[in-house]
Amino acid sequence: MARLRSQMVYRTSFVLNVIGTFFTGLIEFVEIYVLLATAPIFGGLTLPEASLVFALSSVSFGLADMVFGQMDSLPSFIKQGQLESFLTKPLRLVPQMITSTVQLRRLARVLLGVITFAIAVPHAGIAWSPVMVGVVVGALVFGTTIFSALFVLAGGCQFWLINGTEFTNAFVYGGKYVSQLPGPVLLTPIRVFFTFVVPATVTTYLPVLILLDKPGPALLPQVLGWGAPLFAVWAWVLALVVWRAGVRKYTGAGG
Amino acid sequence: MSVHLQLIAAEFRRQSTYRLALAAGVFTNGIFGLIRAGVLLAAVAGAGGEAGGYDARTAILYVLWGQALLGAIPMWGWNEVASRVRTGEIAVDLARPIDLQVYWWFRDLGRAAMQFLGRGLPILILGSVVLRVPPPTDPLVWLAGALGLILGLAVNFLGRYALNLISFWTIEMQGFQILYMVVVSLLTGFTVPIHLFPGWLKTIAEWSPFPSMYQYPVDLISGRTTGVDVLPIIGIQLAWLLVLLVGTRVMTHFGTRRLVIQGG
């Protein structure tokens, strides 16, 4: 809790950060808006429908980013010798790292997602039922789980990469970008990679297909959306295997 | 060798030491390029094969050049001068026999050169092969493109430098930096080409220096803007270069008087 309070002490800085995070997300939405102002249909979806994909992605990614977002700054933990001090304590490494870096300002992105969802939903023509509410809740729960796994995976990769941090941006922030988009716009290799290896489309585009009862393109059938829990398990298996291997490989920075 | 060339060379070498970072940049920019190519191709297809003057081929060229230039002409902020103001090291910089702006400008040229060779060129070559778009054959396109890129980099540097000069007035820079990044990534035409913007947004972009940093040079080098149309584009870039040059000099003049060295 003390960590969280400390972020509020520099109030102007905090407020600016919140506004900045919100607007960064908003610009990402403007991209989708501009593309849909040019053509009425983008990847088989209308503006309200595509906004739902964006909204689900924003909430899930925002929550994961808030808690696990600093995992890929592992190299700076290593360089400052902070990792050693974590390792000497009788607590697990990942919880220690995340409690030291929870970023409240990322809630701005969650808020943006909620607002987008609230505005888009009445225009999307969804036949609501308890199952559909469950689909939305499930998308957010498993979405947050999957994005969190991506951050841990990125953190694990840093043990090998140190100066090549940007490699992991390809699947963390690439994954975020992909998750905001309707599936059909993705070129086949991207579509396959970001569904079956890094499951970014599974909790954003696919649940929207279920909500709208649309079939989906090649390699991304609607039915795959029901597999979200399995994809979440897969993402965490992948993340923890890499993370554990990384920690075991780590021999200190001579601190 | 003159001090200016030495500055370029030193920064060039500094940037080239981080080879893994360059490789990582090529990889990540490449993946993002593939995603963005899909996005723009879908938009073009959705609009019936042509949107904002882009067809499938020119859309791919736009993405390809965009990803290739990202290292050399960055869309994000830059805070080296501002952080030196914060630490007070700026006092030493200002006492040097070389003008602060000239010093950073030449270093930036070295940085851009290395980023272009190390990050841009591999992406251009790989991208042309993977996405099957041959390079332009008309030497005039290359000439106009090269000129546009040099001017674009200059305008981009001056924009970033002006941002840093704000630190002479306030050390609370984070907000300005975030604002700059948000505005730049949209209005330069990096995320979506400004030719696809709805009217009002396009007008805002056209009255700002930002398309000169990126959209216009890409239009020139990808052969979208050719013939006599090249001249007004170069003219706009030159005009913004002049405005920003005068602007940053005025800011420097008043800023250095205002500047309080922390902990001096």
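Notes on the structure follow. (Residues numbered from 1 in each chain as written. Chains lettered and ligands numbered in written order. Predicted model: local features only at pLDDT ≥ 70, side-chain atom pairs only at ≥ 80, totals over all residues.)

Notes on the overall build of chain A
Short version of the rule: Numbering of helices and strands runs from the N terminus, with a helix taken as a DSSP run of H or I at least four residues long and a strand as a DSSP run of E at least two residues long. Here a residue counts as buried when 20 or more other C-beta atoms fall within 10 Å of its C-beta, as exposed when 12 or fewer do, and as partly exposed in between; the C-beta atoms come from the backbone. Contact between residues is assigned whenever the C-beta positions, reconstructed from backbone atoms, fall within 7 Å.
In terms of regular secondary structure, chain A is built from 12 helices and 0 strands. Shown N-terminal to C-terminal, the secondary structure of chain A runs as helices and strands in the order α-α-α-α-α-α-α-α-α-α-α-α. In terms of its C-alpha atoms, chain A occupies a principal-axis envelope of roughly 60 × 40 × 35 Å. Going through the 255 residues of chain A one by one, you find that 47% of them count as buried. Taking the contacts inside chain A whose residues are at least 6 apart along the sequence as the reference set, 77% of them involve residues at least 24 apart.

Quick look at the overall build of chain B
This is how it is decided: Using C-alpha atoms as the atom set, the radius of gyration is obtained and then compared with a globule rule of 2.2 Å times the number of residues to the power 0.38.
The helix and strand inventory of chain B stands at 12 helices and 0 strands. Along chain B, from the amino end to the carboxyl end, the secondary structure elements read α-α-α-α-α-α-α-α-α-α-α-α. In terms of overall size, chain B behaves like a compact globule, its C-alpha atoms giving a radius of gyration of 19 Å where 264 residues would be expected to give roughly 18 Å. Along the longest, intermediate and shortest principal axes, the C-alpha atoms of chain B span 65 × 40 × 30 Å.

Overview of the interface of chain B and chain A
As a reminder, the rule being used: Amino acid classes used here: Ala, Val, Leu, Ile, Met, Phe, Trp, Tyr, Cys and Pro are nonpolar; Asp, Glu, Lys and Arg are charged; the rest, including Gly, are polar.
Contact residues are listed per partner, giving 33 residues for chain B and 35 residues for chain A. The set of elements that each furnish at least two residues to the side of chain B that touches chain A consists of helix H2 (19-46) and helix H8 (174-187) of chain B. The biggest single contributor to the side of chain B that touches chain A is H2(B), with 17 residues. Of the residues contributing to the side of chain B that touches chain A, the split by class is 23 nonpolar, 9 polar and 1 charged.

Regarding the environment of Thr12(A)
Residue and element names in this part refer to chain A. As for its placement among the helices and strands, Thr 12 is situated in helix H2 (residues 11-38). We classify Thr 12 as exposed; it has 10 C-beta atoms within 10 Å. Counting along the chain gives 178 residues from Thr 12 to Ile 190, while the straight-line C-alpha distance between them is 40 Å.

Observations concerning helix H10 (residues 188-197) of chain A
Defined as follows: The arc refers to the directions leading from the helix axis to the C-beta atoms.
Along H10(A), the residues that are buried comprise Ile190(A), Arg191(A), Phe194(A) and Thr195(A). The arc that holds every buried residue of H10(A), seen down its axis, measures 110°, which confines them to one face. Of the exposed residues in H10(A), those oriented more than 90 degrees away from the buried face are Thr188(A), Pro189(A) and Val197(A). Where H10(A) is buried, its residues contact helix H9 (166-179) of chain A together with H2 of chain B.

Structural notes on the nonpolar core
To keep things clear, this is the line we draw: For this entry, the nonpolar core is defined as buried Ala, Val, Leu, Ile, Met, Phe, Trp, Tyr and Cys residues connected by C-beta atoms within 7 Å.
Formed by 139 residues in total, the largest nonpolar core has its most connected members in Ile146(A), Leu150(A), Phe151(A) and Ile35(B). In terms of residue count, the dominant contributor to this core is helix H8 (residues 130-161) of chain A (15 residues). Not counting residues up to four positions away in its chain, the partners in contact with Leu150(A) are Phe171(A), Val172(A), Gly175(A), Val198(A) and Ala235(A).

Concerning the environment of Lys202(B)
All names here are of chain B. With respect to the helices and strands, Lys 202 occurs in helix H9 (residues 199-206). Sequence separation of Lys 202 and Thr 137 is 65 residues, and the distance between their C-alpha atoms is 30 Å. Residues within four places of Lys 202 in sequence aside, it is in contact with Ile 194 and Phe 197.

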